[in-house]
Amino acid sequence: MVVEKKYDLTIIGGGAAGLASAIRAGELNMDRIALIDSPPYVGKMLGGILPQCIHPGFGLHYFKEDLTGPEFAYRLIERLDKLDIDIFRDTYAYDMKATKDYCKIMTVNSSGITRILSRTVICATGARERNIFEIGVVGSRPAGIFTAGEAQALMDLFGVMPGRNIVIIGSGDIGLIMARRFALEGANVKAVIELMPWPGGLTRNVVQCLEDFNIPLLLSHIALRVLGKNRVEGIEIARVDESLKPIDGTEKIIKCDTIIVSAGIVPRIDLLEKVGALIDKTTNGPIVNDFLETSVPNIFAAGNVLVINDLVDYAAEQGEIAAESAAYIIHGGRIPHKNPIKIVLGKNVRLAVPQLLTGIRDTYIYIRVKKPMKNVYLYLNEIDIKIKLISIIPSELIRIFLRKEEISRIGNKILNISILG
Amino acid sequence: MRRIYVKCIICPIGCDITVTLGENKVLSIEGNECPRGLEYARNEILNPRRYLMTVVRVRNGDLPVVSVKSSKPIPKKLIKRAMMEIAKIEVKAPIRIGDIIIKNLLGLDVNIIATREVKKIDKKSYS
Amino acid sequence: MYNVNIVDKILSWRIGHILRNINYDIDFDVRDRIVFLNGRVKRYEDYIDIGLKIGSIKWVEGVVNNIIWNEKKKLEKKNTSKKYFLGEYDVIIIGAGIIGSMIARELSKYSLKIAVVERNPDVSQDVSKANNGLIHSGLEEKLGKKKTKLCVKGNKMYDKLAEELDIRFKRIGGLWLITPRSLPKIRDKVPEPLYLFILKFILPFIVKLKAIILRIPVRIIWNIDKIFKLNPYIVRDVIAAIYVPTIGIIEPYELAIALIENAVENGVKIFFETKVTGFRLKNNRIIGVETDKGVFKTRFVINSAGLYADDIAELAGTREYTIHPRKGTLILFDKSLSRYVNHELVEIELPRPERTKGGCINPTISNHILWGPTAIETPYKEDRSVSKEELVTIYRKFGKIVPNMPRKVIRYFAGTRPATFIEDFIIRPSKWVKGFIHVAGIQSPGLTAAPAIASLIIEILKKEGLELIPKRHFKPKRNAIKRFSMLSLEEREKLIKNNPKYGRIICFCELVSEAEIIEAINRMKMIGVKTITLEGIKFRTRAMMGRCQGSFCCLRILKMIARENNIPLWRNIFKKKPSEIGLGDIKIFLR
C-alpha cells in the first residue's frame, strides 16, 4: 500500500534554495510543508553541494558575513530544525505530474514509496556538472577524469587525493578553487585551460588560486583529446583563433595523471521536463514569471535549477521569493497568466530571469552578459532606465530591482534589456 | 629600483596598481582609485597574507575529514609550512562548528577552526 | 611436413598473379589453404590492402599477414607461465566475451568439466561491450559467407534465449530508406526520372529478392505517408522503404553477464585476470594450457579470444590468420530524444562502401539513441580512442536520416573489431593441432550469430571426438537482478518492504537503487571476479550510464565497493588495473 500525503507546499531539493524557501514558508504561516532531499554524496546530509564547498564567499549578502559553504548550510539547517516541516531525508522524487487541483509527486526512500499531493511545488533541484563528452574532448576514456565537483567531494568529504599531476579544463570559479585545493595539498597543477580569451572566474580567484601558486592559466586554449590506457597519461591542447577553432600546428601534450573538467553546470530539469514546463534555451532552466512560477501553474523554481547562480545568496533569495509566491497562492491569491510582459535580450545580454513579468509586483531581474566590459550601462529600453556598471564579466550574475511602478510604464508588453558602451 | 604590478581585488573596479620598490621600502604606489586599494597593494607587496581553508583528518567520524579555516589570514610564505603542520594532525570526533582544532598555529596567534559538524560513529561506515 | 594439394597450387598461381601487379616485393607461401605473406611496405594501408586482396580470393581460408609496415611493432610484455596446477577440464574456453560466454553456457548443458580463461577482471570487456547491440536480420550480409547463414539462424534463437536468461530484448524492426542518395554511382549517369524510377521500383525488388534467397521476411513500403506515420522525423526526400521486422536490440554486456552467471550456476568455472601464455602438446594434440596463474590439463581448447585470437593460435603453433583491428566509434544520445528513433534506421547506399556495413541509427533497449559505427583500420588492438574526424563523419552521415534530431550527446566511445583478412568467421578445428578449435574473426554480425555459433561448436566438438552427454539437471533459467526502474508501483513497494535498500536511489539518471548495486557486487563475487570494477557494476545495473555519466553516483558507488571489499575508497579500480581512483588519503603529499 503506497502511502499518500497531502501538503500545501512541497519543496524538492534541500540545497541553499530549498532550505531558504522552506524557512521562509515556515515563517509565512503555511500549514503543511514538505521538503524532499536526496543528497549528492552523503546519505541524510542536508545542504546540497554546500558541505563540500569549504571555501568562503557564502552569505555576504544573506547573513552579512563571509562564511564557508558548510557554515552557510548549517545556519539554514539550524533555522529549519525549529520549524514544523516534514523533511524527507535521503528521498528521491522520481516523477511529477500536474493536475488541475494539485501536483502529484512520486517519492521513494528506504521506507517505501510515498505519493505526495501538493497544492504548490517549488522545484529547487539544483544543477549538475557538464561531463567531458559534453565539451567535445575526444581520445581515450581512462580512469582519472573527474568533474570539479567530484574531485571536491573526493578531497573535502572523503579525504582522498585523486592524483598527482593535474590539468584543469575551465577557468570558472569552481575550477580555480579546485586548482588551489590541489596546490595547497601538495599536488602539482600543471595548467588551467580556458577556451575564452578571458578568465571565467573572478579576478580575486585568479590571483589567490592561480597566481599565488604559479599555476599557468592558458587562455584561448582548447582541450582536444585525452591520452592514456588505463589511467590518464596526458591531454592534448591547442590554441584557438577568434572563432574558437583550434589552430593547426599549435597542438601540444601536457603530461598528467588527472583531468578535472570544470566546464560549467547545467540545471537539473528532469522533473520539470516530466511535468511539461517550458524550458528556456539560453538558461537551460524553466521559463518563469516574476513570481518564479513556471509555465505549469503552481509549480515554482528557485536556485540553480532556475538559473546558474554564482552567489549562493541569490539562490537562497530566489527560494524565499518562490516561497512567498506559494504562500500567496495558498492564501487565495491569483497570479495572472494572460499577456505577460516579455523580456527581450539585447546587446551583450546572454540571459535574463525571470523571462516574463506579470506587472503586478516588484521584482528582481538576474542578468548574465556575454562579454566582459568596463564602464557600461545596463539599459532598459521601454522605461528608459540606465544603470551604471563599472565592470561586468560573464561569470558574475547582475541583479537589478524593478518596482511595480517602473514596470507599469511599459506600454507594449516588451522590455528590452541591453548593455550600452 | 623595481616595479611590481598588482591588480586590486577589493572592489569590482579592479584597479591596476603599480608599486615602485626601493632597497627596503616602498617608493610609490600609483593607479589606485581609493585608499583601500593603497592599503591592499602595500600589504600584497610587503606582507601578503591569505586565509587558509583546508581539511583535517578525523578519527571515528561520520566523514574522514573535517573542513577548517584559519581565524586570521596567514603570511603567504608560511602557507606551505602551515599545511604540513595541519597534515600531521588527526582529530577525534565528535566535532562542532567553531571548535578549535589547532590553537596558535606556528606561533602566529592564528587558530584553525572547524567549519563543519562531524558526528561520532563506532565503526567505519560512511553509508 | 605438409601436403601439396591441388587447391594450394591453384591458389599459389592466383596469388602470384595478384602480387605481381603490386608495387611491392611480397613473398608468399600457401599451406592447406592458409596464405602466409612476407615482405615490406611503406604504409599500414598497403599492409591492409594486400591482405584483403589475398583474403578475398575464393578458397583462401586464412591470411597470416607478416608483412612489415614502416613502424616498429611494440613487443607486448611476455607473461611468464606459472607451474601451479589449476585442474583438469574437458574443454577450456579462452575469452569470456559474448562468444566465449555463449559457448560456455551451451557446453554446460552437457556432463563435462568446463573452464573459461579470461584475461580481464570481468566478462565482456573488450570487443563485446562496444557495439550497438543490434540483433541483425542478416539481410545486409554478403551472400555465400558463413556469417550470413549463422546470422539468420542466430536471430531466430534470441526470443528463447532472452526468456531463459531474463535479459531485455525487443524486436524493433528496421526501416531501410531509399533516398536520392541510394545509388550514387548511377545517379549522374542516367536522367533523373529514370533514376527515380529505378530507386522506387527496381531497387526495392532487388532487396526483396535477396531477402527471399536468405528467407528473411521483409515488406516494401511505397506509401510515403505510411513511412512518416512510422516515424515523422525521417528525412523528407525518402522515396520508399524496406521494413525488416526481425531486427532486434539487446544490451550486449547484459547478455554476456547473464550467460556466464547461468554457466557458472551449471558448473562452469571461470578464471579471471588469467592470461594464456602457452600450450602443451603431445603428438600435435593439445594436452594442456599454460597461463600466468598456472597450468590446466585438457584435450580441447576453444579459441574465442577476440582481438587476441591470432596471438593465442600462434602460441599453439596453429597461426592460421592475422587479426587486423578495425575501430568503430558510436555516439550515444539522451533518452529524451527517444521519440526520434523507434526502429533501426538505415539509408540504403549501394554499392556498399568497402569494409563496413555502414552503420545505422538505432534505439537502445534503455531508450537512448546510438549513431554509428565508423570503420577505421588501426594497427593497435587496444586503440579505442575516439577522434574528432570520426565524430564529424557520424554527424554528417547519419544527420541526413533524421535531420532535426537535437544533438544532445551523452557519450561517445569506440571499440575494435577483430577482423581477419578473409572478412568472414573462422569457425573450424585447427588444421595442424588436434583439439584446438578456432572461433576467430567474429565481428558483426557476431552478436546475432552467437547462439548459432555455439550450436555449431557443439557439432564440431562432437566430430572431433568429444563425448557430449546431455545433463539431466541443467538449469536453463537465470534470473536477472530486479530493477527498481523496470517495476510497477506495487512491485516497487513490495521490494522495498522486503529490502529497504531498494528504496535508496543511488543513480538518479537511470533510477538504480542501492540494493541493485550490492547485488551486482555479490554476483560478481559469485562468478569469481577478483577485482570489483566500476565498469562491472555499470554493466550489471546501468548506474553511471545516464545523462550525468556518473558525476553524482560514481562516488557513492565507490564508497559501496570500498565498504563491501574492505578497501580504502581511493583504491577502487575503474576498468582495468592499474587505474585506481586516487593515490591515497588527501594529506599523502604533505606528510
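Here the focus is the overall build of chain B. Along the backbone of chain B there are two helices and 10 strands. Start at the N end of chain B and walk to the C end: the helices and strands fall as β-β-β-α-β-β-β-β-α-β-β-β. Radius of gyration (C-alpha) of chain B: 20 Å, far over the 14 Å computed for a compact globule of 127 residues. Along the first, second and third principal axes, the C-alpha set of chain B runs to 60 × 30 × 20 Å. Going through the 127 residues of chain B one by one, you find that 43% of them count as buried. Across chain B, the fraction of contacts at a sequence separation of at least 24, relative to all contacts at a separation of at least 6, is 49%. Total accessible area on chain B is roughly 7,300 Å²; 49% of this is exposed by carbon and sulfur atoms. Chain B carries 25 positive and 13 negative side-chain charges, and their two centres are separated by 5 Å.

So, on to the interface of chain B and chain C. Between chain B and chain C, the residue contacts involve 10 residues of the former and eight residues of the latter. Of the roughly 810 Å² buried between chain B and chain C on both sides combined, carbon and sulfur atoms contribute 63%. Taken together, chain B and chain C are joined by zero salt bridges. In this structure, the connection of chain B to chain C is made through two residue pairs in polar contact (both at pLDDT 80 or more). Residue assignment for the side of chain B that touches chain C shows that the elements contributing at least two residues are β5 (53-59) and α2 (79-88) of chain B. The element best represented in the side of chain B that touches chain C is α2(B), accounting for four residues. Residue classes in the side of chain B that touches chain C are distributed as seven nonpolar, two polar and one charged.

Next up on the list: the pattern of salt bridges. Residues and elements named next belong to chain C. Overall, the coordinates contain 77 salt bridges over all chains when judged by the stated rule. Salt-bridge contacts for aspartate 292 lead to lysine 293; the nearest nitrogen and oxygen are separated by 3.9 Å. Exposure remark for lysine 293: the relative accessible area of 31% places this residue in the partly exposed category. Here aspartate 334 ties to arginine 547 by a salt bridge, and the two come within 2.6 Å at their closest N and O atoms.

Looking now at α2(B). Residues of α2(B) that are buried: Ile79(B), Ala82(B), Met83(B), Ile86(B) and Ala87(B). The arc that holds the buried residues of α2(B), viewed along the axis, is 140°, so those residues lie on one side. Summarising the geometry of α2(B), the exposed residues directed more than 90 degrees from the buried face are Lys80(B), Arg81(B) and Lys88(B). For α2(B), the elements touching its buried residues are α4 (173-184) of chain A together with β4 (49-50), β5, β7 (74-75), β9 (100-102) and β10 (112-114) of chain B.

Proteins that are soluble and globular tend to have nonpolar side chains buried together. If you look at the biggest cluster of nonpolar residues, it comprises 114 residues, and the most contacted ones within it are Phe182(A), Leu107(C), Tyr158(C), Leu255(C), Ile453(C), Ile457(C) and Ile557(C). Element by element, the count of residues in this core is highest for helix α12 (residues 446-463) of chain C, at 10 residues. Phe63(A), Phe72(A), Ile105(A) and Val121(A) belong to the second largest nonpolar core, which has 71 residues in total.

This brings us to the state of the cysteines. Among covalent bonds in proteins, the disulfide is the one between the sulfur atoms of two cysteines. Counted by the stated rule, this structure contains zero disulfides over all chains. Cysteine Cys256(A) remains unbridged, with the sulfur of Cys554(C) as its closest cysteine sulfur at 18 Å. Of the residues examined, Cys256(A) reaches a relative accessible area of 6% and is grouped as buried. No disulfide involves Cys553(C); its nearest neighbouring cysteine sulfur is the one of Cys507(C), lying 4.2 Å away. Among the residues examined, Cys553(C) registers a relative accessible area of 1% and is labelled buried.

Residues and elements named next belong to chain A. Segmentation of chain A into domains returns domain 1 (1-128 + 266-335), domain 2 (131-263) and domain 3 (336-421). Spacing between the C-alpha centres of domain 1 and domain 2 amounts to 32 Å. Taken together, the eight residues of domain 1 in the interface contact 11 residues of domain 2. In total, domain 1 and domain 2 occlude about 880 Å² of area from one another, counting both sides; carbon and sulfur atoms represent 59% of this. Area buried by domain 1 at its contact with domain 2 is led by Tyr41, Gln52 and His55, which between them contribute 54% of it. Where domain 1 packs against domain 2, one counts one salt bridge. For arginine 128, the salt bridge identified is with glutamate 134, shortest N-O distance 3.1 Å.

Reading the values: the criteria
Residues numbered from 1 in each chain as written. Chains lettered and ligands numbered in written order. Predicted model: local features only at pLDDT ≥ 70, side-chain atom pairs only at ≥ 80, totals over all residues. Heavy atoms only, no water. Helix = DSSP H or I, 4+ residues; strand = E, 2+ residues; numbered from the N terminus. Rg over C-alpha atoms; globule rule 2.2 N^0.38 Å. Buried < 20%, exposed > 50% of the residue type's maximum accessible area, 1.4 Å probe, protein only. Contact = heavy atoms within 4.5 Å. Areas by Shrake-Rupley, 256 points an atom, 1.4 Å probe, with all protein chains shown as cover. Lys, Arg positive; Asp, Glu negative; His and termini not counted. Charge placed at Lys NZ, Arg CZ, Asp CG, Glu CD. Buried area = accessible area lost by both parts, 1.4 Å probe. Salt bridge = Lys/Arg side-chain N within 4 Å of Asp/Glu carboxyl O. Polar contact = N/O pair within 3.5 Å; in protein donor to acceptor, adjacent residues only side chain to side chain. Nonpolar A, V, L, I, M, F, W, Y, C, P; charged D, E, K, R; others polar. Arc of directions from axis to C-beta. Core = buried A, V, L, I, M, F, W, Y, C linked by side-chain atoms within 4.5 Å. Disulfide = S-S within 2.5 Å. Domains from an automatic or database assignment.

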